[in-house]
Amino acid sequence: MTTSIKQLPDIEQVLSGNGACGGCPATMALRIVGKALGSNAIMLLTPSCSVASMGMTPKLGYNWPAINICFATAGSSGSGIAHALEIMQEKGRLQGEPPTVFCWVGDGGTYDIGFQALSAAAERNDNMIFFCYNNEAYSNTGVQRSGATPRGSFTTTTPAGKRQPKKNMALLMLEHNIPYVATATVAYPGDLYDKVVKAKSIPGLKYIEILAPCYLGWQFDMPETVQMSRMAVRSGAWLLWEADNGKISFNNPSSLIISGKKDAAPVDEYLMKQGRFKRLLKGPDADQRIAEIQGDIDREIAFMRERAKITF
Ligand SMILES: Cc1ncc(C[n+]2csc(CCOP(=O)(O)OP(=O)(O)O)c2C)c(N)n1
Ligand code: SF4
Ligand SMILES: [Mg+2]
């Protein structure tokens, strides 16, 4: 059974007074991740909102040793730290439970700029948890499009709306044959918490991607962050799933959509809540553009349903 929000531990690894926007989904997600990981962990971050938010030593906003690394290098830097810890253990220089190595990286640093190093780390199955908090754009630098930006979305580099669909990064990671892959989002904190607890117990490379609706980039009212996250799931624009050793299972409420017990909500309502789709919705070809987005979602649901049937 999924852990309820009331059952989450009191431990706080994200400290008050950090520099994130109010209602920041990345920070909310990190708070839940902190409850699952505890304090015995080493954090690696690439340039992003989470770096800009954390402040400077000795007044760091996150209660872990945190290493600020180059954009392209989360995978390789995580591997280096993980191997260093293994060697220290072998030589008896590290006693007790070794710290969990985790990368905390935006979608720009995962889907695009850091993909090569992540792919190589996954192929080697190096021992770390790689989190992608996905706000579907390069938010920290003023909202440019990334490989995670959905079709139709306005960004400063897609002024007429992005023409291409987003890629399915979690599935790409699954195809690296790593032991654990999961998706999550902030409206389902118990689901995220349970997935991180599980990932922590598994050796090798674990990939967890968290949809993080960012009010600034998506252009909605700040207090609606969690609602937006829930609407993404209910419309099927974001599917909650996990894969243990390659076997995919879906989590509620996505499992109901996948099994056909519940229809996904039409995407219109979700799109209309977000200013980043406003130009598209006002254009003369609005109906066709909405149908394209709905088509992307329907195709993804159908594909994941079939992909989940393949087990070895
Ligand atoms: C090599 C390099 N290119 C560009 C930048 C500028 N930069 C800093 S943060 C950022 C955006 C990161 O986007 P993402 O990884 O999605 O994280 P988010 O800002 O959305 O949290 C960029 C482009 C940089 N620091 N280093
Ligand atoms: S711009 Fe978005 S992701 Fe960045 S700190 Fe603000 S709410 Fe968080
Ligand atoms: Mg981003």
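What you see is a predicted model; the values in this text were computed from it and never measured. (Residues numbered from 1 in each chain as written. Chains lettered and ligands numbered in written order. Predicted model: local features only at pLDDT ≥ 70, side-chain atom pairs only at ≥ 80, totals over all residues. Heavy atoms only, no water.)

Moving on to the pairing of strand 4 (residues 128-134). Within strand 4, seven of the seven residues are buried, leaving the element largely enclosed by the surrounding structure. Burial of strand 4 is two-sided: the residues Met 128, Phe 130, Cys 132 and Asn 134 facing one way and the residues Ile 129, Phe 131 and Tyr 133 facing the other way are all buried. Sheet analysis places strand 3 (residues 100-106) next to strand 4, joined by five bridges and oriented parallel. The residue of strand 4 that forms the bridge with Gly 106 is Tyr 133. As paired strands, strand 4 and strand 6 (residues 205-211) are joined by seven bridges and run parallel to one another. Within strand 6, the residue paired with Phe 131 across the bridge is Ile 208. (Buried < 20%, exposed > 50% of the residue type's maximum accessible area, 1.4 Å probe, protein only. Helix = DSSP H or I, 4+ residues; strand = E, 2+ residues; numbered from the N terminus. Pairing = 2+ DSSP bridges.)

This part covers the site of ligand 1. Taken together, the neighbourhood of ligand 1 is formed by 15 residues, with Cys 49, Gly 108, Tyr 133, Ala 137 and Asn 140 sitting nearest. At 3.1 Å, a side-chain N or O of Asp 107 approaches an oxygen atom of ligand 1. Across the complex, the protein chains shield 71% of the 580 Å² of accessible surface that ligand 1 would expose by itself. The element contributing the most residues to the shell around ligand 1 is helix 4 (residues 107-112), with three residues. Across the shell around ligand 1, the residue classes break down as six nonpolar, eight polar and one charged. (Near = heavy atom within 4 Å. Polar contact = N/O pair within 3.5 Å; in protein donor to acceptor, adjacent residues only side chain to side chain. Areas by Shrake-Rupley, 256 points an atom, 1.4 Å probe, with all protein chains shown as cover. Nonpolar A, V, L, I, M, F, W, Y, C, P; charged D, E, K, R; others polar.)

Okay, the coordination of the magnesium ion (ligand 3) next. Looking at the magnesium ion (ligand 3), one finds its protein donor set to be Asp 107 (OD), Asn 135 (OD1) and Ala 137 (O), positioned 2.0 to 2.1 Å from the metal centre. All donors to the magnesium ion (ligand 3) come from one chain, and their sequence spacing reads D-x27-N-x1-A. Separated by 30 residues along the polypeptide, Asp 107 in helix 4 and Ala 137 in the loop between strand 4 and helix 6 (169-174) bring together distant segments of the chain. Of the residues examined, Asp 107 reaches a relative accessible area of 1% and is grouped as buried. (Donors = N, O, S within 2.8 Å, 3.2 Å for Na, K, Ca; no water.)

Here we come to the nonpolar core. If you look at the biggest cluster of nonpolar residues, it comprises 57 residues, and the most contacted ones within it are Met 173, Val 181, Tyr 207, Trp 241, Ile 248 and Tyr 270. Sequence-distant contacts of Ile 248, that is, excluding residues within four places in its chain, are made with Leu 174, Trp 241, Glu 242, Ala 243, Met 304, Arg 307 and Ala 308. Core analysis: the next-biggest nonpolar cluster, separate from the first, contains 35 residues, Val 14, Leu 37, Ala 41 and Tyr 62 among them. (Core = buried A, V, L, I, M, F, W, Y, C linked by side-chain atoms within 4.5 Å. Contact = heavy atoms within 4.5 Å.)

A few words now on the packing of aromatic side chains. Geometry of an aromatic ring pair is reported as the spacing of the ring centres plus the angle between the planes. Evaluation of the coordinates by the stated rule reveals seven aromatic pairs. For the ring pair Trp 104 and Phe 131, a centre distance of 5.5 Å and an interplane angle of 55 degrees mean the geometry is tilted. With Trp 104 in strand 3 and Phe 131 in strand 4, this residue pair connects regions lying 27 residues apart in the sequence. Each member of the pair, Trp 104 as well as Phe 131, carries the same accessibility label: buried. (Phe/Tyr/Trp six-rings, centres within 6.5 Å; stacked < 30°, edge-to-face > 60°.)

With that out of the way, let us pick up helix 7 (residues 189-200). Here helix 7 contains twelve residues, and its C-alpha end-to-end distance of 16 Å stays within 8% of the 16 Å for a straight helix at 1.5 Å per residue. Within the span of helix 7, buried status applies to Pro 189, Gly 190, Asp 191, Leu 192, Tyr 193, Lys 195, Val 196 and Ala 199. (Expected span 1.5 Å × (residues − 1).)

Below, the discussion takes up the packing of helix 3 (residues 74-90) against helix 5 (residues 115-124). Two elements in contact, helix 3 and helix 5, have axes whose closest approach is 6 Å; the angle formed by their N-to-C orientations is 40 degrees. Accordingly, the angle class assigned to the pair helix 3 and helix 5 is oblique. Where helix 3 approaches helix 5, its residues Gly 75, Ser 76 and Ser 79 are matched on the opposing element by Ala 117, Leu 118, Ala 121 and Arg 124. For the contact of helix 3 with helix 5, a count of residues per class yields three nonpolar, three polar and one charged. (Axes fitted to C-alpha atoms, helices over the stretch in contact; angles between N-to-C directions. Parallel < 35°, antiparallel > 145°, perpendicular 65-115°, else oblique.)

Let us now look at the pattern of salt bridges. In this structure the tally under the stated criterion is 14 salt bridges. With its nearest N and O atoms 3.6 Å apart, the salt bridge here joins Lys 273 to Glu 224. Taken together, the residues span a long stretch of sequence, with Lys 273 in the loop between helix 11 (267-272) and helix 12 (278-282) and Glu 224 in the loop between helix 8 (215-218) and helix 9 (225-234) at a distance of 49 residues. Between Arg 289 and Glu 292 there is a salt bridge, with the nearest N and O atoms lying 4.0 Å from each other. Within this pair, Arg 289 and its partner Glu 292 are both found in helix 13 (residues 286-307), separated by three residues, close to a single helical turn. Note on Arg 289: relative accessible area 7%, which makes it buried. Because the salt bridges share partners, they merge into one network encompassing Glu 12, Arg 31 and Lys 35. (Salt bridge = Lys/Arg side-chain N within 4 Å of Asp/Glu carboxyl O.)

Below, the discussion takes up the UniProt feature "domain: Thiamine pyrophosphate enzyme TPP-binding" (unreviewed entry) in the chain. Within this numbering scheme, the UniProt entry marks residues 75-210 as carrying the feature "domain: Thiamine pyrophosphate enzyme TPP-binding" (unreviewed entry). For residues 75-210, helix accounts for 37% and strand for 19%, while the C-alpha atoms at its two ends are 17 Å apart. (UniProt positions renumbered as here; feature names shortened; annotations may be inferred.)

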